[in-house]
Amino acid sequence: MNNVFGLDIGTRNVVGTVGYQTDDKEFVVTAQYVREHETRAMLDGQIHDIGRVAKTIKEVKDELEKQTGQPLEEVCIAAAGRVLKTVTTHVEYEYAQESVVTGEDVHTLDLLGIEKAQEALKEVNDTSYKFYCVGYSTVKFFLNDEVFISLEGHKANKIGEDIIVTFLPEDVVDGLYAAVGQAGLSVANMTLEPIAAINVAIPENYRMLNIALVDVGAGTSDISITRDGSIIAYGMIPHAGDELTEVIVQHFLVDFNMAESIKLQSTTSDTVTYKDIMSIEHTIPAQDVWDVAAPVVDNIAQEVSTKIRELNGDKTVSACFVVGGGGKIHGFTEKLAEDLDLPEERVALRGEEVLGDVTFEQEDIKKDPLLVTPIGICLNYYDQRNNFIMVRFNGERIKLYDNNRLTIVDAALQAGFPNDELFPKRGTPINFTVNGVARLVRGEAGDGAVVTMNGKPASINTPLEPNSEIVIEPSTAGEAAVYKISQLDEYNHSVITFIINGRRVSCPRFVQVNGELEPEDYSIRENDVIETRNYYTVRQIAQFMDLVIDTDQMIFVNNEEAGLDTLVYENFSVEWKTDEYGVARIDNNTYNDTQESDTDEASVLAEQDANSTESDNTVTRTSEQMMNQVLDELHDDFAKEAEASAVPENELQKNDIQEEDSSENTITVIVNGEPVELSGKDTYIFVDIFTHISFDLQAGKGRAIATVINGRDAQFSEELHEGDKIELYWKEN
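Okay, so let's go over this structure. The structure displayed is predicted, hence computed values, not measured ones.

Observations regarding the overall build of the chain
Looking only at helices and strands, one finds 13 helices and 45 strands in the chain. For the chain, with 733 residues in total, the buried portion stands at 50%. In the chain, the share of contacts with a sequence separation of at least 24, taken over all contacts with a separation of at least 6, comes to 65%. Accessible surface computed for the chain: about 34000 Å², of which carbon and sulfur atoms make up 45%.

Below, the structure written as structure tokens:
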């Protein structure tokens, strides 16, 4: 026997009910307790003082624990409020092939309807409220486009339903959750008060009739309409019993609690006894109270009848049932019948007659209209239990279909959290070309998302807990890529060799960017076109060797007369006369050369001092200063290579910089039978495929994502490899 604990948290009092449902659908109440709020902590069905309401809930909980001898940890609740929104919509689900409809299929269909209704509400919401789904009712089921009473167990190619979804402002729901939490309870199920009431007051065999149910509480009057076997509408008005109490307060000069007593006595006795604020005791006929309350009763009845007509297509109903304590005030049902153009006998209080399938183990409990909604809250648990799990994600309360496999990543997807903000992001890359070959330098890796659940560190694969508080701080992008000319292999390891006066001299290749010569500390930019020069001028060779050419003597390049600006290519010979030597940068203080007959592998790497004297005033200062700066900054690297052999120009080192047409960081995987090429990263994880395929992560509609690699279940963060076979689809419940 598993007891269900239900709380009707009303504007005036809190009714707690504990019981269980038998196999014969009879509900047995094992304990019940009613406690009034000490102050007006709630108005119009909404909690205003969370602490005081929590205190009342705790007192009810403690008393019921005493009665049952069992701890109570989870509770079913119902919400109400003056700003109720309802959306009626139609949804369908089509199977890949004819299938037997399961209970989970029906629940998935419900979730589809809820999500569709929520989207429709967002489009028309012209208020500042953020609405939350608090309940729903199926109007009609469709099996292969035909109306059915129930879908489960039938074979179908397509199922569908018309569904009414109800919404209240999120702060109403938050207040209920906060009060329940402060009382040491967690929410097992939540519904809307009129949904709870109608499940008891109007059995399914009555719903073929066009009937209205009015639950008159203290702060709100909740309305439901049935027709053609279904619940077709819900509504609420912020007019109820407290308005009657307030007029009694003013007329009889009493406090609120005494006015409540006067109102109650007037419904059960011919006389009413009370003390006013002057402590003077009075005894008056109940008729006096009725006369005082009559204008307010007329107004509430008029508001209720107007709302009923509005919900019923601007026409009256066939009959109207009234439940709730506020509906017992004298003259209310008669006035409502008049406003609905119905005979008085067709508008009646419902209490004992609708609680026929309810058994109270406590003998002193009288079946009363006040108990209809509390019993309905408990019964609703059996209709919707375990269908959903409710969590708060980054401050927003969301509802997920509970398939017992939910993790934090499911909540993130349901909330529309971008999947690329779950995983580390690299900084902005640089794309450029070197000698016509595309290159890519990636940015630094950032930090992954910071995930916590109920204030404790978690991961995206942590199982969800009901009513948990999940916070995900988005992942961060790393630093943008920075790459300098000095880091290019072509700059560090590629040299050009000349034969100078019979000796072989090796010089670093100059680098030009977008046609302009740039120094080694130049930071490469997006789409730069970089080329290594395959020549020096005579002047540049002399500057590199730290020599001063005697310009009065002839200069020869490949045995032809030349000038200082003549271009000298690989293995060209140069002959000149020099006036003097500069200060070389090699350890022996001379540039290191060899006779041509010496070994071909010998190379000389020397640089010009940044403070060296200009060798020829025909070179512009800007050009010469640029050249000197380049050569000066390269000195240390090239000095280390003085004895190294030349490296072929097309040799590339395997480091952080990669050729775009290389396949070392491009892999191909098979996704749902189709090859998908992944490129642009060092390594790849499962979630990366979402950026390369078309897959709507918002289309789950309550279903879990199947993530399979090579025939086994995989995590979103699992690394991918060349040729992996991936299956990605929504699991059918």
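Here we look at the sheet that holds strand β6 (residues 74–79)
Strand order in the open sheet made by the six strands is β11-β6-β1-β2-β3-β19, with mixed pairing throughout. In this open sheet, the two strands that pair with only one neighbour each are β11 (186–192) and β19 (358–360). Averaged over all pairs of adjacent strands, the angle between strand axes in this sheet comes to 30 degrees, irrespective of strand direction. Direction of pairing for β6 relative to β11: parallel, over a ladder of six bridges. Bridge pairing in β11 links Glu 74 to Ser 186. Lying on the sheet, helix α4 (residues 193–201) is in contact with β1 (4–9), β6 and β11; it crosses β11 at an angle near 75 degrees.

Observations concerning the pairing of strand β26 (residues 469–473)
The side-chain alternation of β26 yields one buried face, formed by Ile 470 and Ile 472, and one unburied face, formed by Glu 469, Val 471 and Glu 473. In this sheet, β26 lies alongside strand β24 (residues 450–453) in antiparallel orientation, the contact comprising four bridges. Residue Val 451 lies in a different strand from β26, and its bridge partner there is Ile 472.

Details of the side chain of Glu 161
Position of Glu 161 relative to the elements: it lies in strand β10 (residues 155–169). Filtering out sequence-adjacent residues up to four positions away, Glu 161 remains in contact with Thr 89, His 90, Val 91, Leu 109, Asp 110, Thr 138, Lys 140, Phe 141 and Phe 142.

With respect to the sheet that holds strand β41 (residues 667–671)
Spatially, the five strands line up as an open sheet ordered β42-β41-β45-β43-β44, and their pairing is mixed. Each edge of the open sheet is held by one strand with a lone partner, namely β42 (674–678) and β44 (712–713). For strand β43 (residues 705–709) and β44, the ladder comprises two bridges, and the chain directions are antiparallel. Bridging from a neighbouring strand, Ile 709 pairs with Arg 712 of β44.

So, the nonpolar core
Nonpolar side chains in soluble globular proteins generally cluster together in the buried interior. Ranked by size, the top nonpolar core spans 69 residues in total, and within it Leu 7, Ile 9, Ile 57, Ile 77, Met 190 and Ile 375 carry the most contacts. With sequence-adjacent residues up to four places away left out, Ile 9 is seen in contact with Val 14, Met 42, Val 53, Ile 57, Ile 77, Leu 176, Val 180 and Glu 193. Counting residues in hydrophobic clusters, the runner-up holds 39 residues, among them Leu 400, Ile 408, Ala 411 and Val 669.

Quick notes on the pattern of salt bridges
Inspection of every chain in the model, using the stated rule, returns 23 salt bridges. Measuring nitrogen to oxygen at the nearest pair gives 2.8 Å for the salt bridge that ties Glu 59 to Arg 35. Of this pair, Glu 59 sits in helix α1 (residues 50–68) while Arg 35 sits in strand β3 (residues 27–36); the two residues are 24 residues apart in sequence, bridging distant segments of the chain. Residue Arg 35 is classed as partly exposed on the basis of its relative accessible area of 29%. Of the charged contacts in the structure, one is a salt bridge between Arg 539 and Asp 565, with a shortest N-O distance of 3.2 Å. Separated by 26 residues along the polypeptide, Arg 539 in helix α12 (residues 538–545) and Asp 565 in the loop between β35 (560–562) and β36 (567–569) bring together distant segments of the chain. When salt bridges with common partners are traced through the structure, they connect Arg 12, Glu 36, Glu 260 and Lys 263 into a single cluster.

Overview of α12
Burial analysis of α12 places eight of its eight residues in the buried class, the great majority of the element. Buried residues of α12: Val 538, Arg 539, Gln 540, Ile 541, Ala 542, Gln 543, Phe 544 and Met 545, and no others. Positive phi appears at Asp 546, one or two residues downstream of α12, with a value of about 65 degrees.

Some thoughts on the pairing of β6
Counted residue by residue, β6 has five buried out of six residues, so it is predominantly covered. Where β1 lies against β6, two bridges are found, and the strand directions are parallel. Paired with Leu 7 across the two strands is Ile 77, which belongs to β6.

Observations regarding the packing of α1 against helix α3 (residues 170–182)
For the pair α1 and α3, the least separation of the axes is 8 Å and the interaxial angle reads 50 degrees. By the angle class used here, α1 and α3 are oblique. As α1 runs across α3, the sense of the crossing is right-handed. Across the interface between the two elements, Ile 50, Gly 51, Val 53, Ala 54 and Ile 57 of α1 pack against Gly 175, Ala 178, Ala 179, Val 180 and Gln 182 of α3. Grouping the constituent residues of the contact of α1 with α3 by class yields seven nonpolar, three polar and no charged.

Digging into the packing of aromatic side chains
Inspection of the entire model under this criterion finds eight aromatic pairs. An angle of 65 degrees between the planes, with centres 5.5 Å apart, marks the rings of Phe 252 and Tyr 274 as edge-to-face. Placement of Phe 252 in helix α5 (residues 241–252) and of Tyr 274 in strand β15 (residues 271–275) is noted, with a sequence separation of 22 residues between them. Residue classification places Phe 252 among the buried residues on the basis of a relative accessible area of 9%. Between the aromatic rings of Phe 510 and Tyr 536, the centroid separation amounts to 4.5 Å while the plane-to-plane angle is 25 degrees, which identifies the pairing as stacked. Of this pair, Phe 510 sits in the loop between β28 (503–508) and β29 (511–513) while Tyr 536 sits in strand β32 (residues 535–537), and the two are 26 residues apart along the sequence. Given the relative accessible area of 2%, Phe 510 is considered buried. One aromatic cluster is present, built from ring pairs that chain together Phe 498, Phe 510 and Tyr 536.

Remarks on α4
Counting buried residues in α4 gives eight out of nine residues, a clear majority hidden from the surface. Looking at α4, one finds that the buried residues are Glu 193, Pro 194, Ile 195, Ala 196, Ala 197, Ile 198, Val 200 and Ala 201.

Some points on the environment of Val 216
Tracing the backbone through its elements, the reader meets Val 216 in strand β12 (residues 211–216). For Val 216, a relative accessible area of 2% gives the class buried. Among residues more than four places away in sequence, those in contact with Val 216 are Ser 221, Ala 240, Gly 241, Val 322, Val 323, Gly 324, Gly 325, Gly 326, Gly 327 and Phe 332.

Calculation criteria
Residues numbered from 1 in each chain as written. Predicted model: local features only at pLDDT ≥ 70, side-chain atom pairs only at ≥ 80, totals over all residues. Heavy atoms only, no water. Helix = DSSP H or I, 4+ residues; strand = E, 2+ residues; numbered from the N terminus. Buried < 20%, exposed > 50% of the residue type's maximum accessible area, 1.4 Å probe, protein only. Contact = heavy atoms within 4.5 Å. Areas by Shrake-Rupley, 256 points an atom, 1.4 Å probe, with all protein chains shown as cover. Pairing = 2+ DSSP bridges. Axes fitted to C-alpha atoms, helices over the stretch in contact; angles between N-to-C directions. Core = buried A, V, L, I, M, F, W, Y, C linked by side-chain atoms within 4.5 Å. Salt bridge = Lys/Arg side-chain N within 4 Å of Asp/Glu carboxyl O. Parallel < 35°, antiparallel > 145°, perpendicular 65-115°, else oblique. Left-handed = near helix turned anticlockwise from the far one by under 90°. Nonpolar A, V, L, I, M, F, W, Y, C, P; charged D, E, K, R; others polar. Phe/Tyr/Trp six-rings, centres within 6.5 Å; stacked < 30°, edge-to-face > 60°.

Geometric descriptors of this kind do not, in isolation, establish any biological role.
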